[in-house]
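# Observations on chain architecture
Each chain, written out:
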Amino acid sequence: MSVFVRLVVMMFLQYFTWGAWWTTLGTYLNANFSSGFVGLAYATSGLAAIFSPFIVGMIADRYFPTQWVLAVLHGVSALLLLWTSTIQQESLLWWALLAYNLAFMPTLALTNSIAFSNLTDSAGQFPRVRVAGTIGWIVAGLSYVGYAMATGASVKNDIEPTVIPMYVAIVSQIVLAV
């Protein structure tokens, strides 16, 4: 498989993972926790996006190959999301979401870094690689619609308020880690 195709697959899975559960998190939280918790839960990604890239960027640049850091972060993220899917207490869930996002947010920058360093014409090829991420996000959402249509389930009532989207993301993160 060519480097370009591998980068497209990486970017597709990167954003498929995020889109698979992040967009449905609000419905899940409203169904299982207090409504005021939704904003607090979503704030964890912003906090993590501010702090984690500095630490992980230094580690990836100085001590380990970027692809290994990416693999470890996706493996850790998958484990943290699995743990998150079992939590029923808001305060513990907030910390689990923060831990997850501290591991996941740097992967966004690392995939870009890997793509830029492996493309022969970054200016011309990167947009085509990156659009695969957007397509991955969209496919993640549409996969629930397809599942609902095939089974007669309701996306809003039978999928989004459950941990199913988290499990989908866990599987894709394991694939990314491997």
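Please read these numbers as outputs of a predicted model, since none were measured by experiment. (Residues numbered from 1 in each chain as written. Predicted model: local features only at pLDDT ≥ 70, side-chain atom pairs only at ≥ 80, totals over all residues. Heavy atoms only, no water.)

## Describing the packing of aromatic side chains
Scanning all chains against the criterion turns up 12 aromatic pairs. Judged by centre distance (5.8 Å) and plane angle (45 degrees), the ring pair of Phe 33 and Phe 37 falls under tilted. Among the residues examined, Phe 33 registers a relative accessible area of 10% and is labelled buried. Note on Phe 37: relative accessible area 3%, which makes it buried. Judged by centre distance (5.6 Å) and plane angle (10 degrees), the ring pair of Tyr 100 and Phe 104 falls under stacked. Note that Tyr 100 and Phe 104 are positioned in helix α5 (residues 90–118) at a spacing of four residues, about one turn of the helix. On the accessibility criterion, Phe 104 (0% relative accessible area) is buried. Grouping aromatic residues by their ring pairs yields a cluster made of Tyr 15, Trp 18, Trp 21, Trp 22, Tyr 42, Tyr 100, Phe 104 and Trp 137. Sitting over the ring of Tyr 15, Arg 130 keeps its end group 4.0 Å from the ring centre. (Phe/Tyr/Trp six-rings, centres within 6.5 Å; stacked < 30°, edge-to-face > 60°. Buried < 20%, exposed > 50% of the residue type's maximum accessible area, 1.4 Å probe, protein only. Helix = DSSP H or I, 4+ residues; strand = E, 2+ residues; numbered from the N terminus. Lys NZ or Arg CZ within 6 Å of the ring centre and 35° of its normal.)

## Here we look at empty space enclosed by the protein
Unfilled space is identified by rolling a water-sized probe across the atoms. A complete count under the given rule lists one cavity of 30 Å³ or more for this structure. What the largest cavity holds in volume is close to 30 Å³. As for the largest cavity, its lining consists of Trp 21, Thr 24, Leu 25, Tyr 28, Glu 160, Thr 162, Pro 165 and Met 166. Residue composition of the lining of the largest cavity, grouped by class: five nonpolar, two polar and one charged. (1 Å grid on protein atoms, 1.4 Å probe; cavity = no way out; pocket = protein on both sides within 12 Å on 5 of 7 lines; lining within 4 Å. Points joined across faces, edges and corners; volume = space filled by probe spheres on them. Nonpolar A, V, L, I, M, F, W, Y, C, P; charged D, E, K, R; others polar.)

## Quick look at the layout of surface pockets
For the largest pocket, the calculated volume is near 500 Å³. Lining the largest pocket we find 16 residues, and of these Arg 6, Met 10, Gln 67, Leu 70 and Ile 114 sit closest to its centre. Per-element accounting of the lining of the largest pocket gives the leading share, five residues, to helix α1 (residues 3–21). Of the residues assigned to the lining of the largest pocket, the class counts are 13 nonpolar, two polar and one charged.

## Comments concerning the pattern of salt bridges
Across all of its chains, the model carries one salt bridge by this definition. Linking Glu 160 and Lys 156 is a salt bridge whose minimum nitrogen-to-oxygen distance equals 3.8 Å. (Salt bridge = Lys/Arg side-chain N within 4 Å of Asp/Glu carboxyl O.)

## Here's the deal with the packing of helix α2 (residues 25–32) against helix α3 (residues 37–62)
Relative orientation of the contacting elements α2 and α3 amounts to 140 degrees, with a least axis distance of 9 Å. Between α2 and α3, the angle is such that the two are oblique. Here α2 and α3 pass one another in a crossing that is right-handed. When α2 is examined against α3, the residues Leu 25, Gly 26, Leu 29 and Asn 30 are found in contact with a partner set consisting of Phe 37, Val 38, Ala 41 and Tyr 42. Of the residues contributing to the contact of α2 with α3, the split by class is six nonpolar, two polar and no charged. (Axes fitted to C-alpha atoms, helices over the stretch in contact; angles between N-to-C directions. Parallel < 35°, antiparallel > 145°, perpendicular 65-115°, else oblique. Left-handed = near helix turned anticlockwise from the far one by under 90°. Contact = heavy atoms within 4.5 Å.)

## What to know about the nonpolar core
Buried together is how nonpolar side chains tend to be arranged in soluble globular proteins. With 54 residues, the main nonpolar core has Met 11, Trp 21 and Leu 29 as its most contacted residues. For this core, the elements supplying multiple residues, two or more each, are α1, α2, α3, α4 (66–84), α5, α6 (122–151), α7 (155–159) and α8 (164–177). With 13 residues, α5 is the largest single contributor of residues to this core. (Core = buried A, V, L, I, M, F, W, Y, C linked by side-chain atoms within 4.5 Å.)

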